[in-house]
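# Close look at the chain arrangement
The residues making up each chain are set out below.
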Amino acid sequence: MKIRMASCVLATVLVFASALSLASAKVHYHDFIVQVTPVKRLCKTVDAITVNGQVPGPTLEVTDGDTLVIKVVNKAKYNVTIHWHGIRQMRTAWADGPEYVTQCPIRPGGSYTYRFTIQGQEGTLWWHAHSSWLRATVYGALIIHPKEGSYPFPKPNRETPILLGEWWNRDPISVVRQATRSGTAPNVSDAYTINGQPGDLYSCSSQDTAVVPIDVGERHLLRVINAALNQDLFFSVANHQFTVVGADASYLKPFATNVIILGPGQTTDVLITGDQVPARYYMAARAYQSAQGAPFDNTTTTAILEYKSAPCPAKGIQLPAPALPPLPAFNDTATVTAFSRKFRSLRRAPVPTEIDESLFFTVGLGLNDCPPNFSKSQCQGPNGTRFAASMNNVSFVLPSNWSLLQAHKYGIPNVFTTDFPANPPVKFDYTGNVSRDLWQPETGTKLYKLKYGSRVQIVLQGTSIFTAENHPIHIHGYDFFIIAEGFGNFDPKTDAAKFNLVDPPMRNTVGVPVNGWAVIRFVADNPGVWIMHCHLDVHITWGLAMAFVVEDGVGLLESLEEPPEDLPIC
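Residues numbered from 1 in each chain as written. Predicted model: local features only at pLDDT ≥ 70, side-chain atom pairs only at ≥ 80, totals over all residues. Heavy atoms only, no water.

The name that an unreviewed UniProt entry assigns to the chain is Laccase, with the source organism given as Opuntia streptacantha. Turning to the chain, the UniProt annotation filed under Catalytic activity (unreviewed entry) states: "4 hydroquinone + O2 = 4 benzosemiquinone + 2 H2O". UniProt, in its Function (unreviewed entry) section for the chain, records the words "Lignin degradation and detoxification of lignin-derived products." (UniProt positions renumbered as here; feature names shortened; annotations may be inferred.)

The structure is reproduced here in structure tokens:
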């Protein structure tokens, strides 16, 4: 009888606590107007696609447990969708955003309302367009504060989002379309940006350089986001040391560093302290370029860390130029490796130790032979070919009449197949001298099916086909544990000993090392269709992607929700 009474009391307490939690949660309503806005950068005005006329777009701030309701109205000339990068979207895959994966695009003149709840996440994420190359200018920060209002590190006096971006002096859509027509690599960007501005080292830019305030003794949390389209970036602040405390909205064991590296899609939270002589100091970012011989934007973007108590110059006296931080060489893979190996989850991680699905995916580039009906102008890649990319030798093709999620939900035939290979069709020396016979992938819309609750391990193996490169691989709808990384070909006999099953970092985007591999694990607890792709947009354009179909589990709480009434049609 006492046990039954205690159970009743406990149940009542849990219900009451749950009700209090729901009562404190908020619903945030926003309107995103996607529109053409004249934007002047680098001495030239470009008609850019923006959200609410801003580059970057609005910063969204919420608390774990809150709900976001965001109406996106498309007043631009291109189709558009918005992806909420890193949000788990538990059972709400219809709000995830990738074009033709979880929804059809929002056509010009149309609208769609994204509705989703933040569940058990806190830290720095971001949002961006997921249609063609629109995310070059359509992006912004998404900050999730903890419910209790406290961090597992010293409380900062200030917080500032730092969004690293890329800028083209022309419409980015025309850049990618020209590359698609010719089969070549697209033109590189004209500048990098910090919070939308190129900074002092570019023409016509110094008057608008971003300024971040600090004062002596202050602790400042910088929420750094790599929103660049196609480039890994180093980031540093002159004379100031970082303490890394989080990445991809997951807390880390704090560690000190003078420089951080972020692949496109990744976020990193760092603390800096106002412990220098009051003055102005540059924060700067430039490329980490792992692909040998590939063209890249080798410029440097800057912003200014400015002490509020810095002395003002006398009238007519120009301020001295701020100090520039030393940044690693463009190809400094050793610094990148040393940085990534410092990542450890703050606490013991719930890593799956038994595996139901053991997968091995090669990721890399390729070259397609020129089709018989194509002219020479359409095959301007190496030796008259066209650039391609693939996972397990399958170059991913998006549908056009239905989204993959609709086809899955309603059993629509001939949209996709579920025969994506669990292993490479042909085993070879992945990082060695690869036979030209293996350079041309097949094309297809092939998905891999996972049962709800299955424990998944994926070995992501880079290849040296055409050129080896660091690939930032992102999985929608999931966080995962990075249990090991290495160079060369993954060897299950020897490399399994390197697995960290205690405190590996949890992320949503993993940098697969150049000529190397990474191993990730997760539990398939979110039903829907979830794309996994390289976050270098040039690579997803070439087909470096695949998608998982995660089946419904048992009951309503383990099943995909019904689609919203205003879901766009194709």
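The rest of the description comes next.
## A look at the UniProt feature "domain: Plastocyanin-like" (unreviewed entry) in the chain
Those residues carrying the UniProt feature "domain: Plastocyanin-like" (unreviewed entry) are residues 34-148, 159-309 and 419-552 in this numbering. For residues 34-148, helix accounts for 0% and strand for 46%, while the C-alpha atoms at its two ends are 34 Å apart. In residues 159-309, the share of helix is 7% and the share of strand is 48%. The end C-alpha atoms are 19 Å apart. (Helix = DSSP H or I, 4+ residues; strand = E, 2+ residues; numbered from the N terminus.)

## A word on the packing of aromatic side chains
Under the definition given, this model contains 29 aromatic pairs. Both rings, one in Trp84 and one in Phe116, keep their centres 5.4 Å apart while their planes meet at 40°; by these two values the pair is tilted. On the criterion of sequence distance, the pair formed by Trp84 in strand β5 (residues 82-85) and Phe116 in strand β6 (residues 111-117) is long-range, its members being 32 residues apart. A relative accessible area of 0% places Trp84 in the buried class. With a centroid separation of 6.2 Å and 70° between ring planes, the pair formed by Phe153 and Tyr251 is classed as edge-to-face. Here Phe153, found in the loop between β8 (139-145) and β9 (158-167), pairs with Tyr251, found in strand β15 (residues 250-257); they are 98 residues apart in sequence, far enough to count as distant. One exposure class covers both Phe153 and Tyr251, and it is buried. Feature note: the residues Phe361, Phe420, Tyr448, Tyr478, Phe522, Trp530 and Phe548 constitute an aromatic cluster, connected by ring pairs. The ring of Phe330 has Arg286 lying over it, and the distance from NZ or CZ to the ring centre is 4.6 Å. We note Arg436 situated over the ring of Trp439; from NZ or CZ to the ring centre the distance is 4.2 Å. (Phe/Tyr/Trp six-rings, centres within 6.5 Å; stacked < 30°, edge-to-face > 60°. Buried < 20%, exposed > 50% of the residue type's maximum accessible area, 1.4 Å probe, protein only. Lys NZ or Arg CZ within 6 Å of the ring centre and 35° of its normal.)

## A few points about the side chain of Gln121
Topologically, Gln121 is positioned in the loop between β6 and β7 (123-129). For Gln121, a relative accessible area of 4% puts it in the buried group. Within the structure, Gln121 has its side chain in polar contact with the backbone oxygen of Gly86 (distance 2.8 Å). In this view, Gln121 contacts Asp64, Gly86, Ile87, Arg88, Ile144 and Asp479; residues no more than four positions away in its chain are not counted. (Polar contact = N/O pair within 3.5 Å; in protein donor to acceptor, adjacent residues only side chain to side chain. Contact = heavy atoms within 4.5 Å.)

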